[in-house]
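Remarks on the overall topology
The primary structure of each chain is shown beneath.
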Amino acid sequence: MCGIVGYIGKKEAYPIIIGGLKRLEYRGYDSAGVALFSDAIRVFKHKGKVADLEKFIAEKNTSGALGIGHTRWATHGAPNDVNAHPHGTEDGGIVLVHNGIIENYATLKLFLEKKGHIFSSETDTEVLAHLIEEVEKGGESDFSSVVRMALQKVSGAYAIAVLSAKNPDLLVVARKGSPLVVGVGEKEFYVASDAYPLAEYTKRVIYLEDGEVASLFRDGRMEIKTITHESHTPQIQVLDIELEALEKSGFDHFMQKEIHEQPRAICDSLRGRLYSVEDAVIQLGGIQNIEEKLLAAKQFTFLACGTSWHAGLIGKKIFEEILRIPTRTEYASEFRYGNPIIGKDEVFFGVSQSGETADTLAAIQCAKEGGGTIVGICNVVGSSIARAAHAGLYTHAGPEIGVASTKAFTTQITTLLLLALYIGQKKKTIDDVRIKKILRALSDVSEKTETVLTMDSYIKDIARKYKDAKNALYLGRGYGFPVALEGALKLKEISYIHAEGYPAAEMKHGPIALVDEYMPVIIIAPEGPSYEKIMSNAEEIRARKGKIIAVVSEGDRRLERIADDYMEIPKIDDMLSPLLSVVPLQLFAYHSAVLRGCDVDRPRNLAKSVTVE
Ligand code: G6P
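Residues numbered from 1 in each chain as written. Predicted model: local features only at pLDDT ≥ 70, side-chain atom pairs only at ≥ 80, totals over all residues. Heavy atoms only, no water.

Remarks on the overall build of the protein chain
A tally of helices and strands in the protein chain yields 18 helices and 27 strands. Here the C-alpha radius of gyration of the protein chain, 25 Å, is about what a compact globule of 613 residues would show, namely 25 Å. With the C-alpha coordinates of the protein chain rotated into their principal frame, the extents come out at 80 × 55 × 45 Å. The contacts of the protein chain with a sequence gap of at least 6 include a subset with a gap of at least 24, amounting to 71%. Accessible area for the protein chain stands at about 23000 Å²; split by element, carbon and sulfur atoms hold 50% of it. Side chains of the protein chain carry 73 positive and 82 negative charges; the gap between the two charge centres is 2 Å. (Helix = DSSP H or I, 4+ residues; strand = E, 2+ residues; numbered from the N terminus. Rg over C-alpha atoms; globule rule 2.2 N^0.38 Å. Contact = heavy atoms within 4.5 Å. Areas by Shrake-Rupley, 256 points an atom, 1.4 Å probe, with all protein chains shown as cover. Lys, Arg positive; Asp, Glu negative; His and termini not counted. Charge placed at Lys NZ, Arg CZ, Asp CG, Glu CD.)

A look at the packing of helix H13 (residues 407-427) against helix H14 (residues 432-453)
Where H13 contacts H14, the axes come no closer than 11 Å and their chain directions differ by 165°. The angle between the axes of H13 and H14 places the two elements in the roughly antiparallel class. Taken as a pair, H13 and H14 cross one another with a handedness that is left-handed. Residues Thr 414, Leu 417, Leu 418, Leu 421 and Gln 425 of H13 form the contact with H14, whose own contacting residues are Asp 432, Ile 435, Ile 438, Leu 439 and Leu 442. For the contact of H13 with H14, a count of residues per class yields seven nonpolar, two polar and one charged. (Axes fitted to C-alpha atoms, helices over the stretch in contact; angles between N-to-C directions. Parallel < 35°, antiparallel > 145°, perpendicular 65-115°, else oblique. Left-handed = near helix turned anticlockwise from the far one by under 90°. Nonpolar A, V, L, I, M, F, W, Y, C, P; charged D, E, K, R; others polar.)

A word on helix H5 (residues 143-151)
Owing to its 3.6 residues per turn, the α-helix brings residues three or four apart onto one side. The buried fraction of H5 is high, at eight of nine residues. All of the buried residues along H5 are Phe 143, Ser 144, Ser 145, Val 146, Val 147, Arg 148, Ala 150 and Leu 151. Next to the buried residues of H5 lie strand E6 (94-102), helix H4 (125-137), strand E7 (156-164), strand E8 (170-176), strand E12 (212-217) and strand E13 (222-226). (Buried < 20%, exposed > 50% of the residue type's maximum accessible area, 1.4 Å probe, protein only.)

Thoughts on the sheet that holds E13
The pairing of strands in a sheet comes from backbone hydrogen bonds and takes either a parallel or an antiparallel form. Strand order in the open sheet formed by seven strands is E5-E6-E7-E8-E12-E13-E14, and the pairing between neighbours is antiparallel. Sheet topology places strand E5 (87-88) and strand E14 (231-232) at the edges, where each strand pairs with a single neighbour. Here nine bridges tie E6 to E7, and the two strands are oriented antiparallel to one another. Bridge assignment links Ile 94 to a residue of E7, and that residue is Ser 164. Across the sheet, H4 lies against E5, E6 and E7, angled at about 125° from E6, the strand it touches most. (Pairing = 2+ DSSP bridges.)

Some thoughts on helix H3 (residues 105-114)
Every buried residue belonging to H3 is among Leu 108, Lys 109 and Leu 112, and all of these are buried. For H3, the arc enclosing every buried residue in end-on projection is 100°, short of the 170-degree limit, so these residues lie on one face. Exposed residues lying more than 90 degrees from the buried face of H3 are Thr 107, Leu 110 and Lys 114. On its buried side, H3 packs onto E6 and H4. (Arc of directions from axis to C-beta.)

Notes on the packing of helix H7 (residues 262-270) against H13
Relative to each other, H7 and H13 sit at 30°, their axes nearing to 9 Å. As summarised for this structure, H7 and H13 are arranged roughly parallel, according to the angle between their axes. Of the two possible hands of crossing, H7 and H13 adopt the one that is right-handed. Where H7 abuts H13, its residues Gln 262, Arg 264, Ala 265, Ile 266, Ser 269 and Leu 270 lie against Lys 407, Thr 410, Thr 411, Thr 414, Thr 415 and Leu 418. When the residues that make up the contact of H7 with H13 are grouped by side-chain class, the tally is four nonpolar, six polar and two charged.

Topic: the site of the ligand
The full set close to the ligand counts 13 residues, and Ser 308, Ser 352, Gln 353, Ser 354 and Thr 357 are the nearest of them. Separating an oxygen atom of the ligand from a side-chain N or O atom of Ser 308 is a distance of 2.5 Å. A distance of 3.0 Å is found between an oxygen atom of the ligand and a backbone nitrogen or oxygen belonging to Val 403. Grouping the constituent residues of the shell around the ligand by class yields four nonpolar, eight polar and one charged. (Near = heavy atom within 4 Å. Polar contact = N/O pair within 3.5 Å; in protein donor to acceptor, adjacent residues only side chain to side chain.)

Side note on the nonpolar core
Phe 349 and Phe 588 are the most contacted members of the largest nonpolar core, which totals 89 residues. Non-local contacts of Phe 349, meaning those with residues more than four positions away in its chain, are made with Leu 294, Phe 300, Thr 301, Phe 302, Leu 303, Phe 319, Val 375, Ile 377 and Leu 419. One finds Ala 13, Tyr 14, Val 50 and Ala 192 within the second-largest nonpolar core, a separate group that totals 32 residues. (Core = buried A, V, L, I, M, F, W, Y, C linked by side-chain atoms within 4.5 Å.)

Here's what the structure looks like:
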């Protein structure tokens, strides 16, 4: 969702800010803007893409070695030029960008209007600029103190970057609930909502903690205080992101690149963890401090949203099969407001690619307050969920830029499987023979994924046949059911074809009414315990003239007889089958969307990182 960038130093800020906004485009947005400070603060903002903003600014004065920028995903007020950030006071003396939601903005606005402030936008953000101005009128001369005092009156979530015309050598940034990273250069600072815009300038970063306000001075000084004015010592960390990971590297889209990166990503997920297949040795450093809790847990809960929730559904099946301990998978948004029962001997897994999804973050915080143990299963290093958890495992997928999640999903499953095996081995709920068998299969997954990827152009041909469908149904059983959900989500997200995932047997209780000769039905039917049952479901579809696209194990000719099209995946243990069966569905969605002329990496209305609830 909204993205923030900022710069203070000696270089021209504009190219850095625009370049940074382009790196943040993947988060999802509908307008963009910048504020640049040389002799005065100049604000430029525009509805639409960053490229539209650039065109709009083309002939204007963009000088200044201090600036802020923003991509806005509309919450309060329509996506238009006026509501786009930056926002400022009437005289333009205080200008800021904001990611998050100011929950008490209506009360603050009323209070400020009574004081004579005139607002020009419908946003909650504009209130912040006026509030800071109002506090400043109280006589405090130190601008950073003014910002901190103003923030004491604010409830809600925010990451902000603030400019003050009276302070040409200062950039003030703050965070509570929304992410913000400060990049430390040589007498210069970079600021962004995530580390990607910083990677080309510096590897030294500070992940601001909730409630911290950083004052970044042009001479290279930095001061971090809490909003209640307590000093904090900054913790500088070293970024581990290669620039190449942020480029398309010859692919047409990030999503395409990320689908093809899965063999590598799965290897990276296993690296250092799958220590020895032959001796069945798994090492998971990230959970050592809570190992006792994991072994004593009476219940496990996965909390997640979107694709990560689908990985959680697979995690539940894996955990229950290997550990025989009750496990639930909850939508984070439903869990947190559902008056949840939280056991002290319960372990909660916050599964999140970005580690910033607002509902998942709030749900794990709710579980933590209730006494639960929290484990983060995140991709983005240093993200809020990773830091809020008691322990965690990174999935090591590398930066995922495409809005439709792909490699994050397969690496989440890989990580959860390793974790279940690790706990199962210690608790002796699974014997070493079975562990070795699964580990051997896991170590072969990468190569088998490569095999699936060789079907790319074949799947493109299948997508061409069905690209004009209005609806699609995805059916699976057992481990295939979450894959059906994920396949349907991929298709609807990026191609805008209405698609539903359903348990194959449940199909008879409703969706079968929709089946006719125009309905493609994707049946996930690799070899496994559910195979015979799903064959019968396929026959039921066939009898109603539905078009069947079957995902089957290689060499399976039984479904071929009734399928209109089929996609073969290498044979694999049932528990690992989602790692392979999801790949043709990702390719099918990708090619369908491209053939329909959709903007695959920036699908309408969607955001990569959903930082508001
Ligand atoms: C958004 C993204 C999805 C993602 C979901 C959860 O909806 O578009 O791709 O699965 O958020 O995100 P997370 O970062 O928590 O995995």
